[in-house]
Amino acid sequence: MFAGASRVAVIVAGAYLVVFFAFASGVVNALIDGATVRSFIVPSRSVQTIGETVAITLMLFIGLGGAFLLHRAGRSTSAKSQKALLAGGFGIVAVAMLLGYLLVSIKL
């Protein structure tokens, strides 16, 4: 599928996204604060666990997938596929936002 340098570029870009999203979701805070907590989600705004960090990172990747579908919809030439990509992209972004709001409601 990918040859030579482009395969390396895809691997490096994927690793960069994983690291960037992990830092954006608070992995350092989870390592400092949530090291002694044994549950997946703690209903407190002052403590973040590794499980919450993983969940937030997955939500960011879900939202990225939706944004990618929206981008593909803008580049599509067929009206039928454009509508399908728009609906799918907005639906996936809505699912990511819903998961985020559910996590926040558990935390409060």
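Counting restarts for each chain, with residues numbered from 1 along the sequence as it is written. Per-residue local features are limited, in this predicted model, to residues with pLDDT of at least 70; the limit for side-chain atom pairs, both in listing and counting, is 80 or more; totals at the level of whole chains, interfaces and linings are taken over all residues. Computation of side-chain values: all heavy atoms of the structure, hydrogens and water removed.

### Remarks on the overall build of the protein
Counting its regular elements, the protein contains four helices and zero strands. Each helix and strand of the protein, placed in order from N terminus to C terminus, yields the pattern α-α-α-α. For the protein, the spread of C-alpha atoms along the principal axes amounts to about 50 × 35 × 15 Å. Out of the 108 residues belonging to the protein, those deemed buried represent 22%. Under the scheme used here, helices are H or I runs from DSSP no shorter than 4 residues and strands are E runs no shorter than 2 residues, and both carry numbers assigned from the N terminus. Under the scheme applied here, a residue whose accessible area is under 20% of the maximum for its type counts as buried, over 50% as exposed, and between as partly exposed, the area being computed with a 1.4 Å probe on protein chains only.

### Describing the environment of glycine 51
Along the chain, the position of glycine 51 falls in helix H3 (residues 50-75). Note: C-alpha distance between glycine 51 and valine 28 (23 residues apart in sequence) is 13 Å.

### Describing a nonpolar patch on the surface
For patches, a residue must show more than 30% relative accessible area and have no salt bridge; joins then use 9 Å for like charges and 5 Å for nonpolar side chains, namely Val, Leu, Ile, Met, Phe, Trp and Tyr. Accessible surface is estimated by sampling points in the Shrake-Rupley manner with a 1.4 Å probe; for residues, cover comes only from the protein chains shown. In the sections that follow, a salt bridge refers to a side-chain nitrogen of Lys or Arg positioned within 4 Å of a carboxyl oxygen of Asp or Glu. On the surface, Ile62, Ile92, Val95, Leu98, Leu99 and Leu102 cluster together to form a nonpolar patch covering roughly 450 Å² of accessible area. Broken down by element, the residue count for the nonpolar patch peaks at five residues, all from helix H4 (residues 79-107). Structurally, the position occupied by isoleucine 62 is in helix H3. Among the residues examined, isoleucine 62 registers a relative accessible area of 30% and is labelled partly exposed.

### Some details on the pattern of salt bridges
Enumeration according to the criterion identifies one salt bridge in this entry. Its salt-bridge partner being glutamate 52, residue lysine 107 comes within 3.1 Å of it at the nearest N-O pair. Here lysine 107 is found in helix H4, whereas its partner glutamate 52 is found in helix H3, with 55 residues between them in sequence. You'll find lysine 107 and glutamate 52 in the same group, each marked buried.

### With respect to the packing of aromatic side chains
Within 6.5 Å between ring centres, the rings of Phe, Tyr and Trp (the latter by its six-membered ring) count as paired, and their orientation is classed by plane angle as stacked under 30 degrees, edge-to-face over 60, tilted in between. The full count for this structure, using the stated rule, is three aromatic pairs. Between tyrosine 16 and phenylalanine 20, the aromatic rings sit 6.0 Å apart at their centres with planes inclined by 20 degrees, giving stacked as the arrangement. Here the residue tyrosine 16 and the residue phenylalanine 20 both occupy positions in helix H1 (residues 5-24), the gap between them amounting to four residues, near one helical turn. By relative accessible area, phenylalanine 20 is classed as partly exposed at 45%. On the numbers, 4.8 Å between centres and 75 degrees between planes, the contact of phenylalanine 21 with phenylalanine 61 is edge-to-face. Of this pair, phenylalanine 21 sits in helix H1 while phenylalanine 61 is found in helix H3, placing the two residues 40 residues apart along the sequence. Residue phenylalanine 61 is classed as partly exposed on the basis of its relative accessible area of 29%. Members of the aromatic cluster, joined through ring pairs, are Tyr16, Phe20, Phe21 and Phe61.

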